[in-house]
Protein chains: 2
Amino acid sequence: MKKPLILVTNDDGITAKGIKALVEVAKKLGEVIVVAPDSPQSGMGHAITIHDPLRLKKVDIFEGVDAYECSGTPVDCVKLGKYVVLKNRTPDLCVSGINHGSNVAINILYSGTMSAAMEASLEGVDSIGFSLLDFNADADFEPAKVWVEKLMRSVLENGLKGGKLLNVNIPKLPLEEIKGMKVCYQSDSRWVEEFQENTDPMGNKYYWITGSFVTNDLTDESDVRALESGYISIVPSMHDLTDYQAARDSKWMEE
Amino acid sequence: MKKPLILVTNDDGITAKGIKALVEVAKKLGEVIVVAPDSPQSGMGHAITIHDPLRLKKVDIFEGVDAYECSGTPVDCVKLGKYVVLKNRTPDLCVSGINHGSNVAINILYSGTMSAAMEASLEGVDSIGFSLLDFNADADFEPAKVWVEKLMRSVLENGLKGGKLLNVNIPKLPLEEIKGMKVCYQSDSRWVEEFQENTDPMGNKYYWITGSFVTNDLTDESDVRALESGYISIVPSMHDLTDYQAARDSKWMEE
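Residues numbered from 1 in each chain as written. Chains lettered and ligands numbered in written order. Predicted model: local features only at pLDDT ≥ 70, side-chain atom pairs only at ≥ 80, totals over all residues.

**Points about the sheet that holds strand S4 (residues 66–70) of chain A**
Residue and element names in this part refer to chain A. Where we set the bar: When DSSP finds two or more bridges between two strands, those strands count as paired. Only DSSP runs of H or I reaching four residues or more are called helices, and only runs of E reaching two or more are called strands; each is numbered from the N terminus. In this analysis, axes come from line fits to C-alpha atoms, helices being fitted only over the stretch in contact, and the angle between any two N-to-C directions falls in the range 0 to 180 degrees. It is the C-beta atoms, placed from the backbone, that decide contacts: two residues are in contact if theirs lie within 7 Å.
If you trace the nine strands from one edge of the open sheet to the other, you get S3-S4-S2-S1-S5-S6-S7-S11-S8, paired in mixed fashion. Strands at the two margins of the open sheet, each flanked by one partner only, are strand S3 (56–59) and strand S8 (180–183). The average undirected angle you get between the axes of adjacent strands in this sheet is 20°. With four bridges connecting them, strand S1 (residues 5–9) and strand S2 (residues 31–37) associate as parallel partners. Looking across to S2, one finds that Val 8 is bridged to Val 34. Where helix H2 (residues 74–85) meets the sheet, its contacts fall on S1, S2, S3, S4 and strand S5 (93–100), and the angle it forms with S2 comes to roughly 135°. Helix-sheet contacts for helix H4 (residues 112–122) involve S1, S5, strand S6 (127–132) and strand S7 (165–170), and the interaxial angle to S6 is about 170°.

Written out as structure tokens, the structure reads:
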């Protein structure tokens with residue numbers, strides 16, 4: 001059987017520990033091509049680079065794997081991966097991550113990791129974004145790798161019937177304490193922002209974004225709750241943002 | 001009756017003609033605060049600025065309106081608007097645009113205009129993103145303004161029952177040829193990319209993203225079709241990206 005072609009990307013940058021872990025798993029399962037940002041791109045969401053040219057450079061980082069670093073966003077990486085690096089070959093699977101930190105709930109909107117996977121899914125490629133609930137640059141990805149492999153194998157064998165995209169978050173737990181995988185929905189939630197205000201040497205104010213994540217949505221089927229209970233959360237996700245219920249109601253159309 | 005508070009932003013930058021048109025309409029309907037990017041931010045999607053500090057500067061651009069330009073993304077503008085500029089006042093409505101160019105179909109994912117409106121909707125604010133199907137910097141916004149005012153009045157009076165966010169696209173037509181507004185769903189579509197390859201003076205390659213928009217989804221209820229038929233398309237949109245159908249099927253969980 002022909003080896004599956006797996007496109008790997010992330011948003012923490014090509015030298016992050018998380019993508020190394022993901023490449024190690026992917027190498028066991030297929031032919032791997034890496035196209036990932038040359039610098040951290042967390043919080044870039046679905047941004048693409050319109051006003052600047054993009055750079056692509058072959059790098060020798062992962063043993064036995066063709067890898068390219070890209071000056072753009074995670075979504076740019078997928079577009080360049082598909083159209084420039086792979087030319088007309090379509091990957092069998094795109095995996096993004098393993099992100100250093102959570103992408104549960106509404107964080108899918110801000111996440112470069114998930115937007116990269118979303119972009120590949122728009123191209124008809126089965127795609128998975130993986131995140132570990134540990135922001136540490138030196139996080140331990142070994143327990144995560146076991147489950148990442150299990151899920152990737154399953155998706156390569158069975159395909160993502162119906163959907164095209166999974167948002168997978170993995171709790172920061174030792175392997176023996178991870179209870180399994182659970183299919184969830186995206187928790188409703190929000191960020192309560194606080195801005196740190198400072199003054200530069202010229203006397204001008206500037207702001208750093210900070211904030212705390214708030215969810216009250218703790219039913220058993222929510223991704224936040226699954227993780228709190230020691231499960232890996234899997235949210236099948238999609239690019240259709242239509243609010244069909246609101247469209248049916250559309251009271252605001254009446255005058 | 002107290003005047004409603006209206007937060008105005010965009011992604012083409014605070015000096016764009018489209019935001020001027022939107023401010024002119026908003027001023028008739030309430031108290032207006034503008035927080036918009038100091039430079040073009042098209043294609044920024046839901047990006048936020050994590051690795052750099054943000055600047056905010058009061059500017060005197062719109063007569064009788066408090067306006068601030070921000071060094072960040074459209075989503076940063078909404079966050080800074082809410083937490084720094086407005087402090088604890090919650091806007092009654094957030095409007096974003098009027099974008100120079102279409103944001104139909106999957107373009108909602110890439111659009112800074114729509115992500116800004118989405119961000120305000122996450123904060124519980126009724127939000128509308130407006131786009132005119134004309135990329136021209138000097139586009140004629142006069143016909144659009146008539147309909148923008150009509151819709152804003154209606155939403156301020158009735159509220160967005162159920163939903164919180166509208167994606168509104170306006171055809172490039174003379175006023176008398178616009179047939180009305182139509183509630184639609186987001187067309188399924190994709191971009192077929194092409195990258196222009198060039199070589200810089202140092203002999204290094206670089207790439208510009210280009211591409212063509214493709215949709216085969218032309219049922220009467222799709223936003224693309226409504227616009228082609230001379231209607232303004234209104235897609236009620238939301239931040240829950242869960243693919244509930246795929247979650248129910250989830251065949252890929254079986255081994």
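**Quick notes on the relation of the copies chain A and chain B**
Heads up, the condition is: The superposition of copies rests on a least-squares fit of C-alpha positions from residues with pLDDT of 70 or more in both.
After a rotation of 180° and a shift along the axis of 0.0 Å, chain A superposes on chain B with an RMSD of 0.0 Å. The superposition operator between the copies reduces to a two-fold rotation axis. Comparing interface residues between copies, 100% of those in chain A also sit at the interface in chain B, which points to an isologous, same-surface contact.

**Digging into the sheet that holds strand S6 (residues 127–132) of chain B**
All names here are of chain B. The mixed open sheet is built from nine strands, whose spatial order is S3-S4-S2-S1-S5-S6-S7-S11-S8. Each of the sheet's edge strands pairs with one partner strand only, and the pair in question is strand S3 (56–59) and strand S8 (180–183). Along the sheet, successive strands turn relative to each other by an average axial angle of 20°, direction set aside. Here helix H1 (residues 17–29) sits on the sheet in contact with strand S1 (5–9), strand S2 (31–37), strand S5 (93–100) and S6, set at roughly 150° to S5. This element, helix H5 (residues 142–158), spans S5, S6, strand S7 (165–170), S8 and strand S11 (231–236) of the sheet and lies at about 165° to S5.

**A short note on the interface of chain A and chain B**
This is how the line gets drawn: We call Asp, Glu, Lys and Arg charged. Ala, Val, Leu, Ile, Met, Phe, Trp, Tyr, Cys and Pro are nonpolar, and the rest, Gly among them, are polar.
Taken together, the contact pairs 64 residues of chain A with 65 residues of chain B. Take the side of chain A that touches chain B: its biggest share by element is five residues, from helix H7 (residues 244–249) of chain A. In terms of residue class, the side of chain A that touches chain B is made up of 34 nonpolar, 18 polar and twelve charged.

**Re the nonpolar core**
Cut-off, in case you're wondering: Nonpolar cores are identified as sets of buried Ala, Val, Leu, Ile, Met, Phe, Trp, Tyr and Cys residues joined via C-beta atoms within 7 Å. Burial is judged by counting the other C-beta atoms within 10 Å of a residue's own C-beta: 20 or more makes it buried, 12 or fewer makes it exposed, and any count in between marks it as partly exposed, with every C-beta position built from the backbone.
Ranked by internal contacts, the top residues of the largest apolar core, which has 150 residues, are A:Leu22 and B:Leu22. Ignoring any residue separated from it by four or fewer positions in sequence, one finds A:Leu22 in contact with A:Val8, A:Val95, A:Gly97, A:Ile98, A:Phe130 and A:Val148.

**Focus: the packing of helix H1 (residues 17–29) of chain A against helix H5 (residues 142–158) of chain A**
Residues and elements named next belong to chain A. The following threshold applies: Should an angle lie under 35 degrees it is considered roughly parallel, over 145 roughly antiparallel, and from 65 to 115 roughly perpendicular; all remaining angles are considered oblique. The sense of a crossing depends on the near helix, which, turned anticlockwise from the far helix by less than a right angle, makes the crossing left-handed and, turned clockwise, makes it right-handed.
Interaxial distance between H1 and H5 falls to 10 Å at its minimum, and their mutual angle equals 40°. Relative to H5, H1 is oriented oblique. The two elements H1 and H5 meet at a crossing, and its hand is right-handed. Here Ala 21, Leu 22, Glu 24, Val 25, Lys 28 and Leu 29 of H1 lie close against H5, whose contacting residues are Ala 144, Lys 145, Val 148, Glu 149, Met 152, Arg 153 and Leu 156. When its residues are assigned to classes, the contact of H1 with H5 shows eight nonpolar, no polar and five charged.

**Some words on helix H4 (residues 112–122) of chain B**
Summarising burial for H4(B): eleven of the eleven residues are buried, a large majority. Just downstream of H4(B), B:Gly124 is the residue with a positive phi angle, here 85°.

**Details of the confidence of the model for chain A**
Note that predicted coordinates carrying low pLDDT should not be read in detail. Note the threshold: One confidence number per residue, pLDDT, is output by the predictor and ranges from 0 to 100.
Averaged over every residue, the pLDDT of chain A is 94; residues scoring 70 or more account for 98%. Reported for the predicted complex are a pTM of 0.94 and an ipTM of 0.92.

**Considering unusual backbone geometry**
Residues and elements named next belong to chain A. In this structure, Ile 98 follows Gly 97 across a cis peptide bond, with omega equal to -10°. Mapping Ile 98 onto the fold places it in strand S5. Of note in the backbone geometry, Ala 105 takes a positive phi value of approximately 55° without being a glycine. With respect to the helices and strands, the residue Ala 105 is situated in the loop between S5 and helix H3 (107–110).

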